[in-house]
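# Results of the structural survey
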Amino acid sequence: RLGYNHCGFDWSADGGRTWGDQTPPFYELVLGDGHVADACSDPSVTFDSKGNAYIGGLLFDINAAANAMVVAKSNAGIGGAFFHSPAPGPFQQYSGMPLGIVANDNDVNILNDKGLMVADANAGSPKADTLYFVWTRFNDAKGDSPIVFSQSTDGGATWSTGVEISGRNPTLCTTGSGETDKNACDQDQGPDPVVGAGGTGYVAFSNA
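Anyway, here's the lowdown on the structure attached to this text. (Residues numbered from 1 in each chain as written. Predicted model: local features only at pLDDT ≥ 70, side-chain atom pairs only at ≥ 80, totals over all residues. Heavy atoms only, no water.)

So, about the state of the cysteines. In this structure the tally under the stated criterion is two disulfides. One disulfide bridge connects C7 with C40, the sulfur atoms lying 2.1 Å from each other. Given an S-S torsion of about -90°, the disulfide between C7 and C40 has left-handed geometry. With C7 in the segment before β1 (9-11) and C40 in strand β3 (residues 39-47), this pair connects stretches of sequence that are 33 residues apart. A residue is classified by how much of its surface remains accessible, and C7, at 5% relative accessible area, is buried. Two residues share a disulfide in this structure: C173 and C185, whose sulfurs sit 2.1 Å from each other. Measuring the twist about the S-S bond at about 100°, one finds the C173-C185 disulfide to be right-handed. (Disulfide = S-S within 2.5 Å. Helix = DSSP H or I, 4+ residues; strand = E, 2+ residues; numbered from the N terminus. Buried < 20%, exposed > 50% of the residue type's maximum accessible area, 1.4 Å probe, protein only.)

The next thing to look at is the sheet that holds strand β5 (residues 67-74). Two orientations exist for strands paired in a sheet by backbone hydrogen bonds: parallel and antiparallel. Pairing is antiparallel in the open sheet, where four strands are placed in the order β3-β4-β5-β6. Both edges of this open sheet fall to β3 and β6 (100-105), since each of them pairs with a single strand only. Between one strand axis and the next, the sheet turns by 15° as a mean value, whatever way the strands run. (Pairing = 2+ DSSP bridges. Axes fitted to C-alpha atoms, helices over the stretch in contact; angles between N-to-C directions.)

To continue, consider the pairing of strand β11 (residues 188-195). Walk down a regular strand and you will see the side chains alternate between the two sheet faces. Bridge count between β11 and strand β12 (residues 201-207): six bridges; the pairing is antiparallel. Its bridge partner lying in β12, P193 is registered against V203. Remark: five residues form the turn of the hairpin made by β11 and β12, two consecutive strands paired antiparallel; G198 in that turn has positive phi of roughly 75°.

This part is about the side chain of N75. Mapped onto the elements of the fold, N75 is located in the loop between β5 and β6. Beyond its immediate sequence surroundings of up to four residues, N75 is in contact with N52, H84, Q92 and Q93. (Contact = heavy atoms within 4.5 Å.)

Moving on to the pattern of salt bridges. All chains considered together, the criterion is met by six salt bridges. For D42, the salt bridge is made with K114, and the minimal N-O distance between the two is 3.8 Å. Of this pair, D42 sits in strand β3 while K114 sits in strand β7 (residues 110-119), and the two are 72 residues apart along the sequence. Here D144 ties to K142 by a salt bridge, and the two come within 3.7 Å at their closest N and O atoms. With a relative accessible area of 4%, D144 lands in the buried category. Taken together, the salt bridges that share partners define one network made up of D42, D113 and K114. (Salt bridge = Lys/Arg side-chain N within 4 Å of Asp/Glu carboxyl O.)

Next up, the structure:
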């Protein structure tokens, strides 16, 4: 509806018989190069234990380096029919900005890609309602693409600095590494996170 490659979402409140559609408030964000994004890719949605919904996506420019991983929220009761800023406040659900920023780069060598988000939706978990975001971080200068992890403990408003979690394996990861450690598993794509019992997180991904 909005032109080239703009992320959208559909929702149903009657078991899938009828549907509505909408776009998240991603296209107001000014990227690191000083203007709003041309496109959005890799949308991801999750619900926490309280019924709050969260949507994430990759914003990027077509002919410039700027790209960012962002998150918006849909408070419980809205049911994912529209999304708003995750920052708490008296008018939160009426505002699209500020978004939760998971990653934000304006470097010709850096591309954040294939992000997926999951919430710990177990109300009895010690980490209940924590949000986890994983993605591939391509670094052309180093020649690597490790899997990176970030978390939010405040409903998507703020996110921890991303850390590499794809590790090393001397049997499987033996060539092509851009790291000092030649057994680093850093030629990766497609991370898929899940949260198990007790709040333990797991991430599967492809390594080449």
